[in-house]
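Descriptive structure summary
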Amino acid sequence: LKFLWETYRAVLDILRSNSKLERLYHGAALGALKFCREYRRRTEFRRLCDMLRMHLGNLQKYGSGVVPGVEEGGKPNNKVRGWEGWTTESIELHLQTRFAQLETASVLHLYTEGFRTVEDIYNILQISHSRRKIPGVAAPPPKAKLMAAYYEKLTTLFWVSENYLFHAFAWYKYYTLCKEFNRGMSVEMRQMQASAVLLAALCIPTVSETQKSQKKKEDAIDAQRHHIQSTVEDDIAKEKMARMATLLGFHTRHPTREALLHEIQSRNIMEDVPDYLRDLYSLLEANSDPLVMVATARPLLEKLRAEVGSTNASMEEDEDSDDSTLARYVRPLTSVLLLKLLTNLSTAYHTVSLDHIKSLTSGLGVTFQQVEKLIVLSTHSKKFSVRIDHRAGCLRFGDADLESDAMRGQLTSLSKQLSSVCRFITPPDEVHQMAIREQLYSDVRASVENEHAAMLERKNLIEKRKEETERLAQERLKEEARAKAAKEAARKAEEEARMAVEERKRRMEKAQMIQKKMDDMEKKKIMKAMGRNIDNVTEEELNQIDTDKLAKEHADKDRKKKEAAERKTKELAKRLDYTYRAIAIEELPLIEKKYAEKIKSDRSRYEAEVVEKARKARLQWEADVKDKKVLSDHSVYDYTADFEALVMKGRQAAHQELCRAEDERAEIDAEKQKLARARKRKEDELKRQKEEEERLKREEEARKAEAERVKREEERRKKEEEEEKLRQAERARMQEEAAKKERLRQESVKPPPPSRDLDAAASAANGPSGGGNRYVPPSRRGRPGGGDDRRGPGGDRGGSRWGGGGAGGYGGGRYEGGGRYEGGGRYEGG
C-alpha cells in the first residue's frame, strides 16, 4: 500500500500542469481517491487533498496570465510548465475530481477536508465566472448535471455533520436544479425530493417570537457586561455563516429557517408534497395546542417512518452511504416537535409536572432521559429558560434567580458551621491564646498615646498644607476657567455658524443626489422591463433620457403585449374547444359499440359461472349421500352416544381434579397475602416511627439554630452600640479640639484699637494750641499740653503705637476733631 501511494503521488506531481495530459492527471487523482476510500487511508487522503489544493493554487497564481515564451526572450515558470490556460474541459475535469474528493471525505468522515474541498470548488467556479467576463471568450457555465451532483454530495456531508440548516439549503438547490433541467424526472421522484426539501427545512431548530425577545433582552444584558467579547464572538459566527453561504452559492449571505420556508412557499414546492407532510408542516409552524400536539403528530411520524423510497436520483449503492429515505428525518423532527411542545408549554404554563410531561411525550418513542437531555441542551443554548425540579417533580419555566439572599449566604453559613466543628474536634489552647492577647493589649496601651499625639500633629500639618494648596489651586483654576470659558464661547459660536452652513449645504447635496439616483433607478427599471441592455448605458445617456416619455413608451409596449397575449389565448381556447368537440363526436359510436360488446361478454360469462356452480354443488351432494350410506351400513351412528358418555366422564374427573388444585392454590395465596399485609403494617409502623424521630430531630436543630441566631444578633447589636458610643466620644473630642484651636487662633490675632484711644492720640498730637473744640480725655485735662510727661516737646511721642514720629498726631494728622473722619473715613496709619 505504501508503494502504491508513493506511485500515485509521483504521477500526480509529474502531470500537475500539463494541459495535454490533463485527462490522465485527473484519472490518476480519481484512482488515488478510490485507493484512500477502499483502504481507509485517512492520512494519505489529507496529504492528497493538500497536494491537489497546492496544484490548483499554482495554476491560479501562475497560470492565469500570459507568460512570454522562450522564443520571445521570456523565462517560463517551472511550476506551470506545459500549461496552456483554463478551458471549459479543464474546469469540468477539476470539478469532477473535487466532487469525487468531497464524496471520499464524506465516506471517511473527514468533514474538515470536506469543507476545504467546498472552498476549492468555489474557487474553480470563480475561475469559470471570470472567464465568462472576458470579451471574445465563449465560456459556458458549468453543466447543470455537475452542479446537481455537487449539491447532492453536500446534502450527505451536512446531514452526517448534523448541520441541518445548510443541509436543507443544499437540498433546496439540488431540487431546483433537478426540476429545472432534468426533464425526465418522474412524478414519484419529484414528490420524494420535494418532501425531502420540506422535511430538511422543518428539521432546523427554531425559536419562537417570545423567546427571541427574551433572548434579545438577555443578549443586551450580556452585551453590557461583556461587550467586547460578545461582539467579537457574534461577528465571528456571522462571518463564518456568511462565508459558508457564499461558498455554497446560496442566494443570501445570512440563511435562516424562515427564509427557506418562505422560498418553499413562494416556489410552490408545497404542491408536490403529500397531504400528511403538509399537515405536519402546519402542526410545527402554527401555534398548536400542546396538549394534543403529540397525539396529532404521532400518526404523521409513523407514516413518515414507513416511507422506503430513496431521495437520490442516482440508484448507486454504497456500503458506506447513510440512509437516503425520508424515514431518517423522524429523529430530528421528533426533537423539533419536543422543542415546540416545551415552547408552547412555557407560553401557557409556569409550572408543569414531570408526570404530565411523560404522558405528553409517551407516544413519540423517546425515553424521559432523552427528553431531559433535550431540555438541558435547549436551556444551555438559550432557546428558552426552564428548570427541572426533581424534588417537587416538575418543570419551572422562567429565569432562575441565582443571586438570592439564600444563595449569597450559603458559603458563609457553611464556613461558620465548619469552624464550629473544627473547634469542637480540636479545641484551642486557651492559656497560650490569653497570654498572647495580654501581651498584645499591653503593647497597644503603651504606644497608643504617643501614636495618637503623632497622628494629631501630622493631621494638623497636613490640613495646613492642604488648605494652602487648595487656595492656590482654586485661584489658578478660576483664572484658567475664565480664560477657557471665554475662548470656548468664541470657538463654539464660530463652530456652530460653520456647522450650520455645512449642514445646509450637505442637505441640499444629499437631496439632489437622492433625487438623481431615484430618477436613474426608475429609468433603468423601465429600460430593463422593456428588454433593453442597461449594462453599457453611460451616465450622460441616462441624463438625456426623458423619464415620462420612457414610462409612456413602456406602458404602450406592455399594453400591446398584453393584448396580443389575450388574443392568442382566446384563439388557442377556441381551437382547443373545437378539437375536443370533434374528438367527442367521433368517439361516441365507438364507445357505444364497446359498451354493448362488454355487456354481452359479461352476460355469457355470468351464465357459464352459474351452470358450473350448480354442477359442482350436485357433485358435492352426491358424494355426501354416498358417505352417509357407507357410515350407516357399518352402524357407526349406534355407538355415538356411548362414545360421548365415556368422553364426558373422563372430562368430569379431570375437571374435579383441577377444581381441587385451584382451591388449594387459593388457600395458599390467601395465607401469603395475609402475611404480606401483616409485614406491610409492621413496615409502615416502623417507617412512621422513623419519620417522627426525624421530625423531632429537625425541630430540635431548628430551635437550636434559632437560639444561636438570636444570640449572634444580640452580640452584633451590643457591638454596634459600643462602636457607636466610641464614635460619638471621638466626634466630641475632635469638636472640642477644633473649638480650642479656633480660640487660640482668635487670640493670636490682635484687635484694632477702640475709637476712644484714637481720639486721645489725636488730642495729644495737636496740643493745647490745636483748638479749644477738640476732645481731651478727663485723665489728661489740666496737664500742660494736654498730654502726659512721657511725650517730648511738640508731641514727639504722640501716636507712637499706631502712627509714625515727627509732627506726631494720629496717622499724619488725618483725624481733625469735630467728631468725624475726613478724607473718606480711611485709616492710613504710619
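Conventions used here
Position labels on residues start from 1 in each chain and follow its written sequence. Whole-chain, interface and lining totals are the exception, using all residues; otherwise, since this is a predicted model, local features are given only for residues with pLDDT of at least 70 and side-chain atom pairs are given and counted only at 80 or more. Hydrogen atoms and water are omitted, and side-chain values are computed over all heavy atoms in the structure. Residue-level confidence of the predictor is what pLDDT reports, using numbers from 0 through 100. The helix count covers DSSP runs of H or I at least four residues long, the strand count covers runs of E at least two residues long, and both are numbered beginning at the N terminus. Any pair of residues with heavy atoms lying within 4.5 Å of one another is described as a contacting pair. Two strands are said to pair when DSSP picks up at least two bridges between them. Every axis corresponds to a line fitted to the C-alpha atoms, with the helix fit spanning only the stretch in contact, and the corresponding angles, defined between N-to-C directions, vary from 0 to 180 degrees. Residues belong to one nonpolar core when they are buried, are Ala, Val, Leu, Ile, Met, Phe, Trp, Tyr or Cys, and are joined through side-chain atoms within 4.5 Å. Exposure categories follow from relative accessible area, calculated using a 1.4 Å probe and restricted to protein chains: below 20% of the type maximum is buried, above 50% is exposed, and the middle band is partly exposed. Disulfides are defined as pairs of cysteine sulfur atoms found within 2.5 Å of each other. For Phe, Tyr and Trp, rings pair up if their centres lie within 6.5 Å, where Trp contributes its six-membered ring, and each pair is then called stacked (planes under 30 degrees apart), edge-to-face (over 60) or tilted (otherwise). Counted as over-ring charges are cases with an Arg CZ or a Lys NZ within 6 Å of the ring centre that also lie within 35 degrees of the ring normal.

So, the confidence of the model for the chain
Residues with a pLDDT of 70 or more make up 77% of the chain, whose mean pLDDT is 76. Within the chain, the lowest mean pLDDT, 45, falls on helix α9 (residues 209–225), and the highest, 90, falls on helix α22 (residues 640–748). Low pLDDT (under 50) marks residues 313–322, which in the prediction has ten contacts with non-local residues, meaning those over four places away or in another chain. Counting contacts from residues 757–773, a segment whose pLDDT is below 50, to residues more than four positions away or on other chains yields 24 contacts.

Some words on the sheet that holds strand β2 (residues 386–389)
Taken in spatial order, the three strands line up as β1-β3-β2 in an open sheet, and their pairing is antiparallel. Edge positions in the open sheet fall to β1 (351–353) and β2, since each of these has one partner strand only. Going from strand to strand, the sheet's axes swing by 20° on average, the running direction of each strand aside. As judged from the three bridges shared by β1 and strand β3 (residues 394–397), these two strands associate in the antiparallel manner. Bridge pairing links serine 353 to cysteine 394 in β3.

With respect to the pairing of β2
Of the pairings in the sheet, the one linking β2 to β3 comprises four bridges and is antiparallel in character. By the bridge assignment for β3, valine 386 is matched with phenylalanine 397. Linking β2 back to β3 in an antiparallel pair, the connection comprises four residues, with glycine 393 at a positive phi of about 70°.

As for the nonpolar core
The biggest cluster of nonpolar side chains holds 86 residues, and the ones touching the most others in it are Tyr150, Leu154, Tyr329 and Leu333. With twelve residues, the top contributor of residues to this core is helix α7 (residues 164–181). With 19 residues, the next largest nonpolar core counts Leu12, Phe45, Leu52 and Ala100 among its residues.

Some thoughts on the state of the cysteines
Between two cysteines, a covalent bond joining their sulfur atoms is known as a disulfide. Applying the stated criterion to the full structure yields zero disulfides. Cysteine 36 forms no disulfide, and the closest cysteine sulfur to it belongs to cysteine 49, at a distance of 7.9 Å. Classification of cysteine 36 as buried rests on a relative accessible area of 0%.

Observations regarding the packing of aromatic side chains
One pass over the structure, following the stated rule, counts five aromatic pairs. Centroid distance phenylalanine 35 to tyrosine 39: 5.5 Å. Interplanar angle 50°. Geometry classified as tilted. Residue classification places phenylalanine 35 among the buried residues on the basis of a relative accessible area of 3%. Put simply, the rings of Tyr8, Phe35 and Tyr39 touch in pairs and so form one group of aromatic residues. Sitting over the ring of tryptophan 159, arginine 328 keeps its end group 4.8 Å from the ring centre. Taking the ring centre of phenylalanine 368 as reference, the NZ or CZ of lysine 358 above it sits at 4.9 Å.

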